[in-house]
Amino acid sequence: MNLARQGIGMTSQRTRVRMIERLRQKGIVDEGVLAALAAVPRHVFVEEALSSRAYEDTALPLGFAQTISQPYVVARMIEALRAGRDSLGKTLEIGAGCGYQAAVLAQLTKEVYAVERIAPLLAKAKQNLRKIGQVEVRLKHADGQAGLPEAAPFETIIVAAAAATVPPALLRQLALGGRMILPIGGATQYLCLIEHRAEGFVETRLDAVRFVPLLPGVE
Ligand code: SAH
């Protein structure tokens, strides 16, 4: 795949820079997060027919009734996970989809594990990450509600699909000092930030959001 050839018109560097400016306007201040989003060519991760819209700050369809997350939400979640910490450390993403957010995370930390329950999407994520030269993300076809016990504990857990309540396995796999962020709810959802402190789990409620549901099992 010739990335240079795809880099014309709406997928150009200039459009990408504009997206970063919009994220700043919306309140993202972590320069590391902004640089990570600027470094990942989002057009590689969306359907070719939608590539002209890849740098709009919107969620876009991925197929299989799933969506690639809105850049602002990706930035907001990762910013909340990083605030006041040196590094994200070993990170688990639940709901890799096409691999976009995993690519952003991989700009910020060496060890990224990502699980996805829909096999063809996982294959796509693998392909997309390879296209951009990102070969370090470890992908697994699995139900993320169980976390990833073989690689636990994690300093960071980020969930890209909404659950009614926090999956207990994810709490168990969150290292002491670690942080998890996930959308909670059904028709109305909010972002929940959980810190694993010596005295226990501390939850903070953040923005209202809209994610696809966290579903059981694999397909
Ligand atoms: N992280 C993606 C967002 C994909 S949308 C991005 O960067 O754009 C959320 C994804 O979560 C979907 O692909 C969906 O299939 C997946 N998902 C939902 N429930 C899951 C579960 N229990 N385990 C793993 N993945 C799940």
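Placed above this text is the structure.
Throughout what follows, the structure given in this document is the object of discussion.

Rules behind the numbers
In every chain, residue numbers begin from 1 and rise along the written sequence. Local features in this predicted model are restricted to residues whose pLDDT is 70 or higher, and side-chain atom pairs enter the listing and the counts only when it is 80 or higher, whereas totals over whole chains, interfaces and linings include all residues. The side-chain numbers reported here are obtained from all heavy atoms of the structure, hydrogens and water having been left aside. Fitted lines through C-alpha atoms give the axes, limited to the stretch in contact for helices. The angle between two N-to-C directions lies from 0 to 180 degrees. The way it works is that DSSP assigns letters per residue, a run of H or I at least four long becomes a helix, a run of E at least two long becomes a strand, and they are numbered from the N terminus. An angle below 35 degrees is treated as roughly parallel, one above 145 as roughly antiparallel, one from 65 to 115 as roughly perpendicular, and anything else as oblique. By definition, turning the near helix anticlockwise from the far helix through less than a right angle yields a left-handed crossing, and turning it clockwise yields a right-handed one. Residue contacts follow a heavy-atom distance rule, with two residues in contact if any of their heavy atoms lie within 4.5 Å. Under the grouping applied here, Gly and all other residues not named as nonpolar or charged are polar, the nonpolar ones being Ala, Val, Leu, Ile, Met, Phe, Trp, Tyr, Cys and Pro and the charged ones Asp, Glu, Lys and Arg. What counts as a ring pair is set by centres within 6.5 Å for rings of Phe, Tyr and Trp (its six-membered ring), and what kind of pair is set by the plane angle: stacked under 30 degrees, edge-to-face over 60, tilted for all other angles. Relative accessibility under 20% of the residue-type maximum defines a buried residue, over 50% an exposed one, and the middle range a partly exposed one, all with a 1.4 Å probe and only protein chains included. In this scheme, Lys NZ or Arg CZ marks a charge over a ring once it lies within 6 Å of the ring centre and within 35 degrees of the ring normal. Residues scored as charged are limited to Lys and Arg (positive) and Asp and Glu (negative), so that His and the chain ends carry no count. In what follows, salt bridge is the name for a side-chain nitrogen of Lys or Arg lying within 4 Å of a carboxyl oxygen of Asp or Glu. Two N or O atoms count as a polar contact when they lie within 3.5 Å, although within protein this holds only if one can serve as hydrogen donor and the other as acceptor, and sequence-adjacent residues are included solely when both atoms are side-chain atoms. Nearness is judged by heavy atoms alone; a residue qualifies as near a molecule or strand once a single heavy atom is within 4 Å of it. We get accessible surface area from the Shrake-Rupley algorithm with a probe of 1.4 Å; when it comes to residues, only the shown protein chains can shield them.

## Thoughts on the packing of helix α3 (residues 31–39) against helix α5 (residues 100–108)
The interhelical angle for the contact between α3 and α5, taken along N-to-C directions, is 125°, at an axis separation of 9 Å. In this view, α3 runs oblique relative to α5, as classed from their interaxial angle. Where α3 crosses over α5, the handedness of that crossing is right-handed. Side by side, α3 and α5 meet where Gly32, Val33, Ala36, Leu37 and Ala39 of the first sit next to Tyr100, Val104, Gln107 and Leu108 of the second. Split into classes, the residues belonging to the contact of α3 with α5 amount to seven nonpolar, two polar and no charged.

## Details of the packing of aromatic side chains
This structure, assessed with the given rule, holds two aromatic pairs. Ring geometry for Tyr113 and Phe154: centres 5.9 Å apart, planes at 70°, overall edge-to-face. One end of the pair, Tyr113, is in strand β4 (residues 112–116); the other, Phe154, is in strand β6 (residues 154–159), with 41 residues separating them in the sequence. An identical accessibility class is assigned to Tyr113 and Phe154; each is buried. Sitting over the face of the ring of Tyr100, Arg42 holds its NZ or CZ atom 5.4 Å from the ring centroid. Above the ring of Tyr190, the side-chain terminus of Arg205 is found at 3.7 Å from the ring centroid.

## A closer look at the packing of helix α4 (residues 71–82) against α5
Running from amino to carboxyl end, α4 crosses α5 at an angle of 35°, the nearest separation of the two axes being 11 Å. Here α4 and α5 pass one another in a crossing that is right-handed. Contacts between α4 and α5 involve Val74, Met77, Ile78 and Arg82 from the former and Tyr100, Gln101, Val104, Leu105 and Leu108 from the latter. Of the residues that constitute the contact of α4 with α5, the class distribution is seven nonpolar, one polar and one charged.

## Details of the side chain of Arg85
Mapped onto the secondary structure, Arg85 falls in the loop between α4 and β3 (91–94). Despite being buried, Arg85 has no salt bridge partner; Glu155 is the closest side chain of opposite charge, sitting 7.0 Å away. Within the local environment of Arg85, its side chain forms a polar contact with the backbone oxygen of Glu155, the two atoms lying 3.0 Å apart. Apart from the residues within four sequence positions on either side, Arg85 is in contact with Glu155, Thr156, Gly177, Gly178 and Arg179.

## Details of the site of the ligand
In the vicinity of the ligand there are 26 residues, among which Ser69, Gln101, Glu116, Gly144 and Leu215 approach most closely. For the ligand, a nitrogen atom lies 2.8 Å from a polar atom in the side chain of Glu93. At 3.3 Å, a backbone N or O of Arg117 approaches a nitrogen atom of the ligand. Protein burial of the ligand: of its 580 Å² of free accessible surface, 99% is covered by the chains.

## Focus on the pattern of salt bridges
Summed over the entire model, instances satisfying the criterion amount to twelve salt bridges. The partner of Glu47 in a salt bridge is Lys124, with the nearest N and O atoms 2.6 Å apart. With Glu47 in the loop between α3 and β1 (60–63) and Lys124 in helix α6 (residues 119–131), the pair connects residues that are 77 residues apart, well separated along the chain. Glu47 gets classed as partly exposed once you look at its relative accessible area, which sits at 34%. Taking the shortest distance from any N to any O, the salt bridge between Glu150 and Lys140 comes out at 2.8 Å. Residue Glu150 is found in the loop between β5 (138–141) and β6, and its partner Lys140 is found in strand β5; the two are separated by ten residues along the sequence. According to the relative accessible area criterion, Glu150 is exposed, its value standing at 56%.

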